[in-house]
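These are the residues of each chain, in order.
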Amino acid sequence: LLSRENAFQDIFPHPTSSNESWLIIDKAYTGGSLRQATNMIRKKFGYDIEVKTVALFPKSFSAFMSADYAVYAGKLFEVKSCASRLDRNLWHKQLITE
């Protein structure tokens, strides 16, 4: 985990401005990179800064749930608006039929 965190630090841009809101977009296997990037920005600029996340093609229910928005099956979903209707085991099929 430590080597993965160091590698993440090397490729993550070093934000310099706190006057803007932030949008983090990443492929979502587990959602870990989205959380890590969000934590880095909030640690640097404070926890009241606006940060939104978009999970591209989430591979698991937890990856889907880790974001504010998700792109799945060619559609953009607001996670919190559809999360209560999803079953942990059938979420991917349910999203396709939405």
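Everything here concerns the structure above.
This section reports on the structure supplied with the text. Being a predicted model, the structure only gives us computed values, none of them experimental.

Topic: the side chain of Thr-38
One can find Thr-38 in helix α2 (residues 32-45). When sequence neighbours within four positions are dropped, the list of residues in contact with Thr-38 reads Ile-24, Val-51 and Thr-53.

Here's the deal with unusual backbone geometry
We note that Phe-57 has phi near 50°; this positive angle belongs to a residue other than glycine. Tracing the backbone through its elements, the reader meets Phe-57 in the loop between β2 (51-56) and α3 (61-65). At Ala-73, a residue that is not glycine, the phi angle is positive and equals roughly 55°. For Ala-73, the location among the structural elements is in the loop between β3 (69-72) and β4 (75-78). Judged by relative accessible area, which is 47%, Ala-73 ranks as partly exposed.

Details of the packing of aromatic side chains
The tally for this structure, following the rule as stated, stands at three aromatic pairs. Aromatic ring contacts, followed pair by pair, group Phe-64, Tyr-72 and Trp-91 into a single cluster.

Observations concerning α2
The first and last C-alpha atoms of α2 sit 20 Å apart over 14 residues, in line with the 20 Å expected at 1.5 Å per residue. Looking one or two residues beyond α2, the residue adopting positive phi is Gly-46, at roughly 110°.

Section: the nonpolar core
Core analysis: the biggest nonpolar cluster contains 21 residues, and Phe-64, Leu-86, Trp-91 and Leu-95 have the highest contact counts within it. Counting residues per element, the ones that place at least two in this core are α2, β2, α3, β3, α4 (79-82) and α5 (91-97). For this core, the leading source of residues is α2, giving four residues. Apart from residues lying up to four places away in sequence, Leu-86 is in contact with Phe-61, Phe-64, Trp-91, Gln-94 and Leu-95.

Describing the pairing of strand β1 (residues 22-27)
Here β1 pairs with β2 via six bridges, running parallel. Of the residues in β2, the one forming a bridge with Ile-25 is Val-54. Viewed along the sheet, the connection from β1 through α2 into β2 turns out right-handed.

Quick notes on the rules
Residues numbered from 1 in each chain as written. Predicted model: local features only at pLDDT ≥ 70, side-chain atom pairs only at ≥ 80, totals over all residues. Heavy atoms only, no water. Helix = DSSP H or I, 4+ residues; strand = E, 2+ residues; numbered from the N terminus. Contact = heavy atoms within 4.5 Å. Buried < 20%, exposed > 50% of the residue type's maximum accessible area, 1.4 Å probe, protein only. Phe/Tyr/Trp six-rings, centres within 6.5 Å; stacked < 30°, edge-to-face > 60°. Expected span 1.5 Å × (residues − 1). Core = buried A, V, L, I, M, F, W, Y, C linked by side-chain atoms within 4.5 Å. Pairing = 2+ DSSP bridges. Right-handed = clockwise from strand over helix to strand, strands pointing away.

These figures capture arrangement, not role.
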